[in-house]
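Listed below are the residues making up each chain.
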Amino acid sequence: MISMLRITDILDKTQSYLGPEEQETIEKAYIFSASVHQGQIRLSGEPYLTHPVEVAGMLADMKLDAATIVTGLLHDTVEDTLATPDQIREAFGKEVEFLVEGLTKISKIIFGSKVEQQAENFRKMILAMSSDIRILLIRLVDRIHNMRTLEFQTPEKQKYIAEETLELYAPLANRLGINWIKVELEDLAFRYLNFEAYNEMAKRVAKRKEKREQYTEEVKNIIQKEIDQFGLKACVEGRAKHFYSIYKKMKEQHIDLDEVYDLIAFRIILDAKKEIECYEALSVVHALWKPVPGRFKDFIAMPKANNYRALHTTVIGPYGERVEIQIRSRIMHEWAEEGIAAHWRYKEGQSYKSDDDEQIKKLRELLEVQQDLKNPREFMSNLKMALFPDEVYIFTPRGDVKAFPKGATPIDFAYSIHTDVGNQCVGAKINRNIVPLKYELKNGDTVEIITQAGHHPTKDWLKYAVTSRAISKIRNWIKTEERKKSIALGKDILDKEFKKHHLKFSQIVKSDEIKKVYAEYSISTVDDLMAVVGYGKISAKRIVNKFLPEDVSKQSESTPEKEKKKTTVSSSVGISLTGIEDVMVRYARCCHPIPGDEILGYISRGRGLTVHTANCMNVEEMDTERIVDVEWNIKEKKTFPVNIRVVCTDKKGLLAEISAVISTMDVNISHAEIETRSADMQAICDFKLDVNDLQQFTQVLNAMKKLKSVISVERVRRSS
């Protein structure tokens with residue numbers, strides 16, 4: 001059992017850089033936290049106090065200021081105990097109160113869905129972070145400790161927390177340049193999201209440990225000797241890459257662990273103040289071993305978005321093995337490992353250095369652009385996209401360098417200049433040649449946008465745009481146009497429905513009774529009412545019945561219970577929802593939802609309601625106003641189609657082996673396609689299966705993963 005960190009350990013860590021008064025405040029915060037958390041137990045059975053103490057200990061290891069460490073000790077007090085913000089302010093000052101408030105989740109409000117709750121908590125954190133980045137640093141460290149003790153949560157919660165960690169917290173750590181946090185969060189999340197793959201990799205990597213360590217020492221010694229002879233002062237490190245980065249490479253390139261050549265990353269860390277010494281070290285390496293063409297990256301001349309700076313090269317090293325080498329100065333190395341935290345050391349009453357303002361500003365701009373998005377799903381989707389790490393560097397016609405996510409197009413560049421430039425974009429010139437708007441920008445491209453007054457975006461643009469700014473601007477334009485059409489359609493429908501009962505809609509909207517309708521459906525204007533009717537979200541009959549005499553209204557809807565029944569889709573289709581009448585339901589072919597999946601519905605007039613999985617790629621392109629919450633309501637046993645892809649070692653009898661496993665699970669194969677690749681002796685098998693629900697599907701996946709010939713197996717959701 002790991003021994004609990006004590007307050008004396010934290011004080012020892014901070015003694016070298018904090019004064020006696022600040023040490024005293026930390027001790028005071030510990031006593032306060034112990035007092036209010038007294039009697040609370042974590043799921044692991046440990047006293048709750050272990051969590052804030054561990055968080056504060058990690059913040060002390062990062063050498064952050066006293067207010068940050070105090071907040072680490074107090075970060076859950078307002079949310080999980082009877083302590084109040086006023087008590088925090090009186091005891092520890094306004095600065096600590098602000099930090100604790102920024103970290104307190106919105107837990108007292110009842111939300112309609114997990115996505116809505118998640119979105120609102122992230123909105124709050126981002127808003128607070130805009131004033132003080134330390135809030136994000138504490139939240140990242142808090143997440144690390146929660147991930148380290150995730151084994152005590154339920155499997156459902158483990159999956160949810162691990163997915164959120166991989167999709168949001170790890171990329172946030174990457175944006176701040178804190179590599180050790182990013183790496184640990186990725187590996188911990190990977191362990192809970194795919195334990196079998198994680199465990200298999202751990203075993204296989206461990207088998208080669210001795211051989212790998214011998215090779216690492218040999219390469220290190222050769223490099224060190226050459227560097228010393230050249231007169232450069234540097235140390236050479238060799239470290240195994242973390243599991244998730246290896247797994248990602250295997251999955252992206254459809255290769256086995258044996259084919260991953262760069263399991264070890266070597267670093268040359270120079271005691272240099274001049275960048276030119278990094279290039280001198282590069283020339284030493286390239287004189288020693290032949291470089292692999294196209295594998296050199298200069299992040300000193302063009303730093304990454306998180307300000308990471310280094311030279312990367314891959315060479316053919318000893319025994320013909322490919323060797324990846326990173327070259328950086330000690331200052332660059334400090335940033336590469338600890339990011340913004342490395343530059344925020346506490347000094348003589350001055351907590352932060354001004355030279356980090358530009359980096360913090362970049363992150364704030366990146367995240368604040370999401371604040372205008374009201375729909376929670378759209379907000380979370382755009383936030384994940386904004387944290388996309390891979391980048392390309394392009395030039396403006398004036399020669400300025402701009403960074404964009406990998407896969408960005410001229411549309412993204414146009415919107416980065418101005419919304420009007422984006423909306424009126426009709427084409428682009430790349431290196432003086434005209435290209436289509438779907439052209440993917442490449443490193444070194446010079447981009448010029450061609451505009452035309454009166455031109456406007458189309459839905460197709462959403463397929464090509466990748467930056468959150470461009471996507472949100474295109475969606476806003478389309479949403480505005482869709483809303484105009486829906487308002488006109490809703491007005492026409494309401495006018496006709498009211499006329500049937502000899503009433504005038506134009507007079508009804510001026511009455512006080514209409515305010516009750518607004519309150520019931522959480523809308524505020526007549527335009528909102530016409531829009532929701534036009535979108536098909538509310539039946540016009542339901543609105544009209546509110547204004548009919550009671551005896552007439554009862555004929556169509558005699559009781560609230562009957563109304564509820566009328567607004568529930570027949571259980572024969574397996575879906576239930578409220579507020580919509582006489583709607584045809586179908587399941588989306590792009591993602592093939594199955595019972596147990598988190599789902600949502602999309603309304604389109606004339607086609608009824610289409611059910612998608614919540615993480616379907618096509619949902620991102622949909623008009624959020626037409627999305628409604630739906631639930632599974634399966635009463636009769638039936639099957640649902642689902643696509644899977646199995647990557648395995650090609651061998652005789654392979655298909656029969658896989659088919660036998662599927663058949664034993666009482667699952668039917670409705671379609672199969674096999675593609676073999678002689679180059680790597682692998683087979684890619686695509687199956688369409690008929691399953692009862694997510695639980696049965698998961699059992700099939702787990703059974704197939706146990707086959708020796710299977711490299712990977714995953715569910716496939718098609719983009720169209």
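The preceding data block contains the structure.
Residues numbered from 1 in each chain as written. Predicted model: local features only at pLDDT ≥ 70, side-chain atom pairs only at ≥ 80, totals over all residues. Heavy atoms only, no water.

1. Quick notes on the environment of Glu-337
The condition that has to hold: Numbering goes from the N terminus for both helices and strands, where a helix is a DSSP run of H or I of at least four residues and a strand is a run of E of at least two. Buried means the residue's accessible area, taken with a 1.4 Å probe over protein chains only, is under 20% of the maximum for its type, while exposed means over 50%, and partly exposed covers the values in between. By the convention used here, residues are in contact when the closest approach between their heavy atoms is within 4.5 Å.
Along the chain, Glu-337 falls in helix H16 (residues 330-338). Relative accessible area serves as the criterion here: at 15%, Glu-337 is assigned to the buried category. Separated by 157 residues in sequence, Glu-337 and Trp-180 have C-alpha atoms that sit 6.0 Å apart. Discounting chain neighbours no more than four positions away, the residues touching Glu-337 are Gly-177, Ile-178, Asn-179, Trp-180, Arg-239, Arg-267 and Arg-328.

2. Some thoughts on the sheet that holds strand S1 (residues 234-240)
What counts here: For two strands to be treated as a pair, DSSP must find no fewer than two bridges joining them. Interaxial angles span 0 to 180 degrees and are taken between N-to-C directions of axes, which are lines fitted to C-alpha atoms, for helices over the stretch in contact.
On the basis of which strands lie adjacent, the open sheet formed by five strands has the order S1-S2-S5-S4-S3 and mixed pairing. Taken across any chain shown, the strands that pair with only one partner, and hence form the sheet edges, are S1 and strand S3 (297-298). The sheet strands contacting helix H13 (residues 209-229) are S1, strand S2 (264-270) and strand S5 (322-329), and the helix crosses S1 at an angle near 160 degrees. Taken strand by strand, H16 contacts S1, S2 and S5, and its axis lies near 110 degrees from that of S5.

3. What to know about the nonpolar core
Quick note on the threshold: Nine residue types can take part in a nonpolar core, namely buried Ala, Val, Leu, Ile, Met, Phe, Trp, Tyr and Cys, and a core is a set of them joined through side-chain atoms within 4.5 Å.
Counting 74 residues, the largest nonpolar core has Ile-10, Ile-26, Ile-69, Leu-74, Leu-140 and Ile-181 as the members making the most contacts within it. Leaving out residues up to four positions away in the same chain, Leu-140 has contacts with Tyr-169, Leu-172, Ala-173, Leu-176, Ile-181 and Leu-185. Core analysis: the next-biggest nonpolar cluster, separate from the first, contains 25 residues, Leu-232, Ala-272, Val-315 and Ile-325 among them.

4. Considerations on the sheet that holds strand S9 (residues 433-435)
On the basis of which strands lie adjacent, the open sheet formed by three strands has the order S9-S8-S10 and antiparallel pairing. Edge strands, defined here as strands with exactly one partner in the open sheet, are S9 and strand S10 (447-451). Averaged over all pairs of adjacent strands, the angle between their axes in this sheet comes to 35 degrees, without regard to strand direction. Where strand S8 (residues 425-430) meets S10, five bridges bridge the pair, whose relative direction is antiparallel. Counterpart to Gly-427 in the pairing with S10 is Ile-450.

5. Some details on the packing of helix H10 (residues 155-175) against helix H11 (residues 179-193)
The criterion, for reference: Roughly parallel means an angle under 35 degrees; roughly antiparallel, over 145; roughly perpendicular, 65 to 115; everything else is oblique. For any pair of crossing helices, the crossing counts as left-handed if the nearer helix is rotated counterclockwise from the farther one by less than a right angle, and right-handed if it is rotated clockwise. Any residue outside Ala, Val, Leu, Ile, Met, Phe, Trp, Tyr, Cys, Pro, Asp, Glu, Lys and Arg is labelled polar, Gly included; the first ten of those are nonpolar and the last four are charged.
Direction vectors running N to C along H10 and H11 enclose 160 degrees, while the axes themselves pass 9 Å from each other. On the basis of their axis angle, the class for H10 and H11 is roughly antiparallel. H11 is crossed by H10, and the crossing has left-handed handedness. On H11, the residues that touch Gln-158, Lys-159, Ala-162, Glu-163, Thr-165, Leu-166, Tyr-169, Ala-170, Ala-173 and Asn-174 of H10 are Ile-181, Lys-182, Leu-185, Glu-186, Ala-189, Tyr-192 and Leu-193. Broken down by class, the residue content of the contact of H10 with H11 amounts to ten nonpolar, three polar and four charged.

6. Some remarks on unusual backbone geometry
Within the chain, Tyr-319 stands out as a residue other than glycine whose phi angle is a positive 60 degrees. For Tyr-319, a relative accessible area of 63% corresponds to the exposed category. With phi around 60 degrees, His-502 is a residue other than glycine that occupies positive phi space.

7. Observations regarding H13
To keep it simple, the criterion reads: Every helix has an expected span of 1.5 Å times one less than the residues it contains.
Spanning 21 residues, H13 covers 30 Å between terminal C-alpha atoms, matching the ideal 30 Å at 1.5 Å per step. The inward-facing, buried residues of H13 contact helix H12 (195-207), S1, S2, helix H15 (276-288) and S5. At the C-terminal side of H13, Gly-231 shows a positive phi close to 85 degrees.

Read these as geometric descriptors, not functional statements.
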